[in-house]
2 protein chains.
Amino acid sequence: MIATTSRRAPRRDSAENRESLLAAARVVFNRDPNASLETVAAQAGLSRRSVYGHFANRDDLLLELVTTGARRVASALQSVSHPDPLTRLALIASKLWREVESVRVIAVVAVRGSLAHHTADILGAIRFHVRTAISEGQADGSMRRDVPTERLARLVEETALVVLEDSTEHPLSARDGDRLAMLMTLAIVGLGWRDADAFIDSKPELAWPESQPNPGLRH
Amino acid sequence: MIATTSRRAPRRDSAENRESLLAAARVVFNRDPNASLETVAAQAGLSRRSVYGHFANRDDLLLELVTTGARRVASALQSVSHPDPLTRLALIASKLWREVESVRVIAVVAVRGSLAHHTADILGAIRFHVRTAISEGQADGSMRRDVPTERLARLVEETALVVLEDSTEHPLSARDGDRLAMLMTLAIVGLGWRDADAFIDSKPELAWPESQPNPGLRH
DNA sequence: AATAACTTGCACAGTAACGTGCAAGTTATT
DNA sequence: AATAACTTGCACGTTACTGTGCAAGTTATT
């Protein structure tokens, strides 16, 4: 609780416990989005009762978790910029993967569940970003024109989630996941697979970071 | 209930009511998979109590619904056969769309929810069918080789669901949905969009039925 | 018309959560 | 060391369902 009219400052560990609860929720809800607060509290090493000392209710906790996560993703993706729409879209896909990878399940819930509306608000700018890229790509002929922009944009978004979901059940190295996210995005917007692979390999911006300092990678 | 040791035959309307309940469940659960039995019974024009006269419990009802649906789909898709793996895959996508279109939400639940294992059993043969087509396609060079067969197969399956989900929120004519399902499938397995469109248009098997008897179709 | 086969409404027990009030404890801060 | 700021355990009320027993209906079948 925030003490508004008292003489003494709030205890430091209160804020820490609050963070513990959020961290615990991130872990637990990422395993099972319907887990009870009992489970979350246990993971945080606290009692269920004390959850209510930090959050009004379950929804409030989830809301905060999703909000901060979505903001983090939004600001990360917002920074992507590149003159070529195809590259830009691939960069967005790649960065999305890297940001969300460790919170896949919650991300899916945030976008699909009852907070979808709220999440959509936060991600609104990104959505616009994606739509702009697709629209430009359709205009310059680098992306498919046989599906309307809006629908294509949604399919691109959903496909990103599919890669996330599949990789949850069938793990993938971060690097492979990153590439798969780009490949599937390019596939949906219309590139043939050879073109997509060549495209990614031709753009240094799309290369996996590790390989720069260490070019002689085995396997 | 089935009377095993009685003198008189079961009333005819019992079977009818059972069907009503299944039909109601199909409608209601397709709107909200978590709807209560109260809602289902109301839709069927019966009382909640009488549901238990036909089904042991909620799960039992859902199980029967999903089982018969999955069997229907399985037998429909099983009949698809074509020497060319790409055409075969497109045909499967198309037929899947047509079979599932009106039961999209339940289909998604059946595949993703707690009955996933059970559904997977029924659809096992289809899954194998899809994997075979993809494997052949990869071998003959018509499908992408940069993603392992198993993963590509799952992505194809998931993509089919994405089209179903998107069309639930943003309706599509049956014809457009059918084509979109094929296009997205072909995209995932590696075709560029122009190739995919040309491919579909070049194969009479993949044409929309209506246009055959009535070639002069406006708009 | 008799009656078995169904349906219904109601009451009740069960479940698995959520959210709260309170008294007693613990701990960081001053 | 005093004390406000937290945490805890427990009891309790609430919600929204599922599933059952039973007595009193209604209806298809014979």
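A brief report on the enclosed structure follows. Just so you know, these numbers come straight off a predicted model, no measurement behind them.

**Considering the relation of the copies chain B and chain A**
The two copies are related by a screw motion: chain B maps onto chain A through a turn of 180° and a shift of 0.1 Å along the axis, at an RMSD of 0.1 Å. Taken together, the rotation and translation relating the two chain copies correspond to the operation of a two-fold axis. Identified as the residue of chain B closest to the rotation axis by C-alpha distance is B:G192, at 1.9 Å. Residue by residue, 100% of the interface of chain B is reproduced at the interface of chain A, so both copies engage with the same surface.

**Quick word on the nonpolar core**
Counting 88 residues, the largest nonpolar core has A:I134, A:M184, A:L186, B:I134, B:M184 and B:L186 as the members making the most contacts within it. In this structure A:I134 touches A:L89, A:M143, A:T149, A:L152, A:A153 and A:V156, once residues within four positions along its chain are discounted. Within the second largest apolar cluster, 21 residues are counted, among which are A:F29, A:V40, A:A41 and A:V103.

**A short note on the interface of chain B and chain A**
Each side of the interface is counted separately: chain B has 29 residues, and chain A has 29 residues. Summed over both sides, the interface between chain B and chain A buries roughly 2,600 Å², with carbon and sulfur atoms accounting for 59% of that surface. On the surface where chain B and chain A come into contact, there are six salt bridges. Two residues, B:R151 and A:D166, come together in a salt bridge whose shortest N-O distance is 3.1 Å. On the surface where chain B and chain A come into contact, there are eight residue pairs in polar contact (both at pLDDT 80 or more). Those elements that place two or more of their residues in the side of chain B that touches chain A are helix 9 (149–169), helix 10 (174–188) and helix 11 (193–202) of chain B. The element best represented in the side of chain B that touches chain A is helix 9 of chain B, accounting for eight residues. Tallied by class, residues from the side of chain B that touches chain A come to 13 nonpolar, five polar and eleven charged.

**Points about the packing of helix 8 (residues 124–139) of chain A against helix 9 (residues 149–169) of chain A**
Residues and elements named next belong to chain A. Interhelical geometry of helix 8 versus helix 9 gives an angle of 120° and a closest axis separation of 9 Å. Between helix 8 and helix 9, the angle is such that the two are oblique. The handedness of the crossing between helix 8 and helix 9 comes out as right-handed. The segment helix 8 lies against helix 9, with R127, R131, I134, S135 and Q138 engaging T149, E150, L152, A153, R154, V156 and E157. Of the residues contributing to the contact of helix 8 with helix 9, the split by class is four nonpolar, three polar and five charged.

**Brief notes about the environment of B:R11**
All names here are of chain B. Relative to the elements of secondary structure, R11 occurs in the segment before helix 1 (12–31). We classify R11 as exposed; its relative accessible area is 61%. A distance of 2.9 Å separates a polar atom in the side chain of R11 from a polar atom in the side chain of D13.

Each value, and the rule that gives it
Residues numbered from 1 in each chain as written. Chains lettered and ligands numbered in written order. Predicted model: local features only at pLDDT ≥ 70, side-chain atom pairs only at ≥ 80, totals over all residues. Heavy atoms only, no water. Least-squares fit on C-alpha atoms with pLDDT ≥ 70 in both. Contact = heavy atoms within 4.5 Å. Core = buried A, V, L, I, M, F, W, Y, C linked by side-chain atoms within 4.5 Å. Buried < 20%, exposed > 50% of the residue type's maximum accessible area, 1.4 Å probe, protein only. Buried area = accessible area lost by both parts, 1.4 Å probe. Salt bridge = Lys/Arg side-chain N within 4 Å of Asp/Glu carboxyl O. Polar contact = N/O pair within 3.5 Å; in protein donor to acceptor, adjacent residues only side chain to side chain. Helix = DSSP H or I, 4+ residues; strand = E, 2+ residues; numbered from the N terminus. Nonpolar A, V, L, I, M, F, W, Y, C, P; charged D, E, K, R; others polar. Axes fitted to C-alpha atoms, helices over the stretch in contact; angles between N-to-C directions. Parallel < 35°, antiparallel > 145°, perpendicular 65-115°, else oblique. Left-handed = near helix turned anticlockwise from the far one by under 90°.

The analysis is restricted to geometry; functional conclusions fall outside its scope.
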